[in-house]
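A look at the structure
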Amino acid sequence: MHSHDQRPPAYRSASGIELKASYGPEDIPVEHARILGAAPGQPPFHRGGFAQGYRTKPWRIFQLSGFGKPEDENERIKFLLRNGETGFLMEHDRNTADHLYNVDHPDVVARKEDVGLTGAVMQSVRETELCLADLPIESTFGHAGGAVVQHAPFALAAYWTVAKRRGIPLAQLFGTGQSDFFLTYLGCVTKQQVPTAPGLRLNADIIEFCSEHLPKWVPVSIAGYNGGDTGLNAWQELGAVMANAVEYLDEVKRRGRMDMTLAAQRVGGVNFRTTMEIFEDAAKLRAARKMWHKLLTERYGVTDERALRMRIHIVTSGAYMQYQQPFNNIVRGTLMALTAVLGGTQSLGVSGYDEAISIPSEHAHQMAVRIQQILEHETNIPAVTDPLGGSYYVEALTAELERRAWEFVDQLLAQGGFLATLDSGWLHTRARENQESQAIAEARGERKIVGVNCFKEDITPWEVDGFPPVTDAYPVALERLNAVRRERHETAATAAMRDLAATCRDPERNIMPVMMQAVDAEVTIGEIGDIFRQAWGDWQTPKLV
Amino acid sequence: MSSVANESTTATGSPAATEGAPRRILLAKTALDGHWRGISVVARALRDGGFQVILGGMSTGTEIVRAAIDEDVDLVGLNVGGHVEVAERIIGELRAARADLPIFAGGIIAPWAAKRLKALGVEVFPPGSQLDEIVACARRLTGTEPVSG
């Protein structure tokens, strides 16, 4: 994208791409120009995987939700479904779930008031049953939680066990559990978690288990969002997501038990973020689909078109939601959601306007759903697929993001791959560079944020107080933990734990069947965590500062 | 980030903005929540402001008190990522051990929670706070404000 302009570049996209005052046909690279005419539903799918787009399949309204006791979370999920959410998502307590600790672990007890702050406590399948009470899991796309790699096997097994107990065949279930490396190995690093190699094994086990038993389930969902909100820019996010997919697909291929077409379909449900950078982020989604097609055809020789269509879930950036003048965030949420829809997302969650203050209040959650419903029903945007297609500017951005993202993929692969750059801290350093340059730009006022570093006058500065924490999550969870210990069939639980420990040490066995047994025998997450830690030790968090 | 999230690390920045040895600040996270973006940016700004920053990672009250004493710090910064009651308890433990030690706090702190911390004499920097204000506060609390001319 060369400029005829002689002035120093003053206008850049958020990721640093120099922007011209306007764009023309000469700005679209030859290689990209060749595929401009490909319609939505035609490879390489940058214009969308499906010709009819939202006419036949509206995006899924899919909000992060959860806090307190499982009953509190259940109530909020029902509230969202009543308000028109079309899938539901279970959040787990960060203290216990992310770390695989029970609530009586000393590190949890030391901060017991934090328990349940951002997700419900589910230490055994009993609590998962409470969280899923009366929810139509046989007919609704559900996110079992388990966003964290080491927690996913338990969270998935607990959700599936609840389904089995209700008599729902596993093959009928559709949903996901994410199990994402970006979250706790890059953005929100847990104090203790398994190293990346056993983490990869867990994800490959889940992929294989789902292909056999849950064909409609999205076994893993790579979450570029978590990379983006940590600091990776648009092309770094794209490149890191592709390099992450390479890790999964290479591992499945190495095992040789699964057809690569099927594997590609399993791994092809991916998550990105959108920010206030409207055109670059819409272009990012278009570039992502094109890159996915290229990766699968060229590296893995996949030809089945169904496997070459990337499906995208978007969460609007939490980092772009501001503490000051929080009602402005309703506008920001709307614009970021608009970006996701213009980019052709399949699924969308909008951050609450109180995102920078607390987890969403009921009102903030309802607004997040309403924003999506207004976009769907009042704007007529869904009538036409890829409305930005053919824009000189957006096509040029799509091509440039793709070019830079492939360079980033090459950099990651040259260092041993995505996981190696998490182990070494290289990816964290890239994120930190951007965090710092963004902070400097904000401090200097070069990057303006309304209500934060300009236009700070507000007639009602404290109009939003956030959602008040639930106060009894910890004592109730402790009581339930002790009840499970008292009441469960101890012989069955002990046997399941022994089998789980043996399976951890045998890479040829899939962990999920024994995890299902362990969950059914009411083995708790703290016990599962102890087994994992004994088998695999802890990830050596890279040094950064 | 381990240094931010998990382990203790000492990082020295440019020479102190004022005369004498650089003042030392312990930054610690009160919650088992490893988001490190905020504390990383603040640590960098404080180092650029001439402070020596010790990163305590995700710490309990006992660990924060021990680090504050062992490292002989002049100021403690709490990154509050959880319930305000946890921060209040840690502040109580710090005051019991070293009553003279100033404390400031940052993070996702709702307005109602910020009021409670301010009532304890703790300065609060929620999201969107300007870095130069945080550095100025650190100078004020450590008595190292530049001599006004």
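See above for the structure.
A brief structural summary. The structure presented is a predicted model; accordingly, all values stated were derived computationally and were not measured.

Quick notes on the pairing of strand S2 (residues 24-29) of chain B
All names here are of chain B. With 6 of 6 residues buried, S2 is to be regarded as a mostly interior element. Neither face of S2 is open: one carries Arg24, Leu26 and Ala28, the other Ile25, Leu27 and Lys29, and all of them are buried. Sheet analysis places S2 next to strand S3 (residues 52-58), joined by 6 bridges and oriented parallel. Opposite Ile25, over in S3, you have Val53 as the bridge partner. Each parallel crossover has a hand, and for S2 linked through helix H2 (residues 37-48) to S3 it is right-handed. Here S2 runs beside strand S4 (residues 75-80); their pairing, made up of 5 bridges, is parallel. Each bridged residue has a counterpart across the sheet, and for Ile25 the counterpart in S4 is Leu75.

Some thoughts on the interface of chain B and chain A
Taken residue by residue, the interface counts 43 residues in chain B and 48 residues in chain A. In total, chain B and chain A occlude about 3800 Å² of area from one another, counting both sides; carbon and sulfur atoms represent 55% of this. Where chain B meets chain A, there are 3 salt bridges. Here Arg89 of chain B makes a salt bridge to Glu113 of chain A, at a shortest N to O gap of 2.5 Å. Run the count over chain B and chain A and you get 15 residue pairs in polar contact (both at pLDDT 80 or more). Residue assignment for the side of chain B that touches chain A shows that the elements contributing at least two residues are helix H1 (2-5), strand S1 (9-12), H2, S3, helix H4 (84-97) and helix H5 (111-119) of chain B. Grouping the amino acids of the side of chain B that touches chain A by side-chain chemistry returns 19 nonpolar, 16 polar and 8 charged.

Things to note about the nonpolar core
Judged by nonpolar contacts, the single largest core of 135 residues is most densely connected at Trp160 and Phe532 of chain A. By residue number, the principal contributor to this core is helix H10 (residues 234-255) of chain A, which donates 12 residues. Leu26, Val73, Ala87 and Ala113 of chain B belong to the second-largest nonpolar core, a separate cluster that totals 26 residues.

Comments concerning helix H11 (residues 260-267) of chain A
All names here are of chain A. Within H11, 6 of the 8 residues are buried, which leaves the element mostly enclosed by the surrounding structure. Here H11 has its buried residues at Met260, Thr261, Ala263, Ala264, Arg266 and Val267. Tucked inside the fold, the buried residues of H11 contact helix H8 (196-213), H10, strand S5 (269-274), helix H12 (278-300) and helix H13 (305-308).

What about the packing of H10 of chain A against H12 of chain A?
The angle between the axes and the distance between the axes are what describe a pair of packed helices. Residue and element names in this part refer to chain A. Taken N-terminus to C-terminus, the directions of H10 and H12 make an angle of 30°; their axes are 10 Å apart at the nearest point. By the angle between their directions, the pair H10 and H12 is classed as roughly parallel. When the axes of H10 and H12 are compared, the crossing they make is right-handed. Contacts from Ala234, Glu237, Leu238, Met242, Ala245, Val246, Leu249, Asp250 and Lys253 in H10 reach Glu280, Asp281, Lys284, Ala287, Ala288, Met291, Trp292, Leu295, Leu296, Arg299 and Tyr300 in H12.

A look at the packing of aromatic side chains
All names here are of chain A. Going through the model one piece at a time under the given rule, you end up with 19 aromatic pairs over all chains. The structure contains a cluster of three or more aromatic residues connected by ring pairs, namely Phe88, Tyr159, Trp160, Phe209 and Trp217. Residue placement shows Lys20 over the ring face of Tyr23; its charged tip is 5.8 Å from the ring centre. It is Arg430 that lies over the ring of Trp426; its NZ or CZ is 4.6 Å from the centre.

A word on the pattern of salt bridges
Residue and element names in this part refer to chain A. According to the stated counting rule, one finds 52 salt bridges over all chains in the structure shown. The shortest N-O distance in the salt bridge between Glu208 and Arg257 comes to 3.2 Å. A residue pair is termed long-range when its members are at least 10 positions apart, and Glu208 in helix H8 and Arg257 in the loop between H10 and H11 qualify at 49 residues. Take Glu208: its relative accessible area is 8%, and that puts it in the buried class. When the shortest N-O distance is used, the salt bridge between Glu433 and Arg430 registers 2.6 Å. Here Glu433 pairs with Arg430, and both are found in helix H18 (residues 426-443), just 3 residues apart, close to one helical turn. Classification of Arg430 as buried rests on a relative accessible area of 15%.

Procedures and definitions
Residues numbered from 1 in each chain as written. Chains lettered and ligands numbered in written order. Predicted model: local features only at pLDDT ≥ 70, side-chain atom pairs only at ≥ 80, totals over all residues. Heavy atoms only, no water. Buried < 20%, exposed > 50% of the residue type's maximum accessible area, 1.4 Å probe, protein only. Helix = DSSP H or I, 4+ residues; strand = E, 2+ residues; numbered from the N terminus. Pairing = 2+ DSSP bridges. Right-handed = clockwise from strand over helix to strand, strands pointing away. Contact = heavy atoms within 4.5 Å. Buried area = accessible area lost by both parts, 1.4 Å probe. Salt bridge = Lys/Arg side-chain N within 4 Å of Asp/Glu carboxyl O. Polar contact = N/O pair within 3.5 Å; in protein donor to acceptor, adjacent residues only side chain to side chain. Nonpolar A, V, L, I, M, F, W, Y, C, P; charged D, E, K, R; others polar. Core = buried A, V, L, I, M, F, W, Y, C linked by side-chain atoms within 4.5 Å. Axes fitted to C-alpha atoms, helices over the stretch in contact; angles between N-to-C directions. Parallel < 35°, antiparallel > 145°, perpendicular 65-115°, else oblique. Left-handed = near helix turned anticlockwise from the far one by under 90°. Phe/Tyr/Trp six-rings, centres within 6.5 Å; stacked < 30°, edge-to-face > 60°. Lys NZ or Arg CZ within 6 Å of the ring centre and 35° of its normal.

These results come straight from atomic positions and should not be treated as a statement about function.
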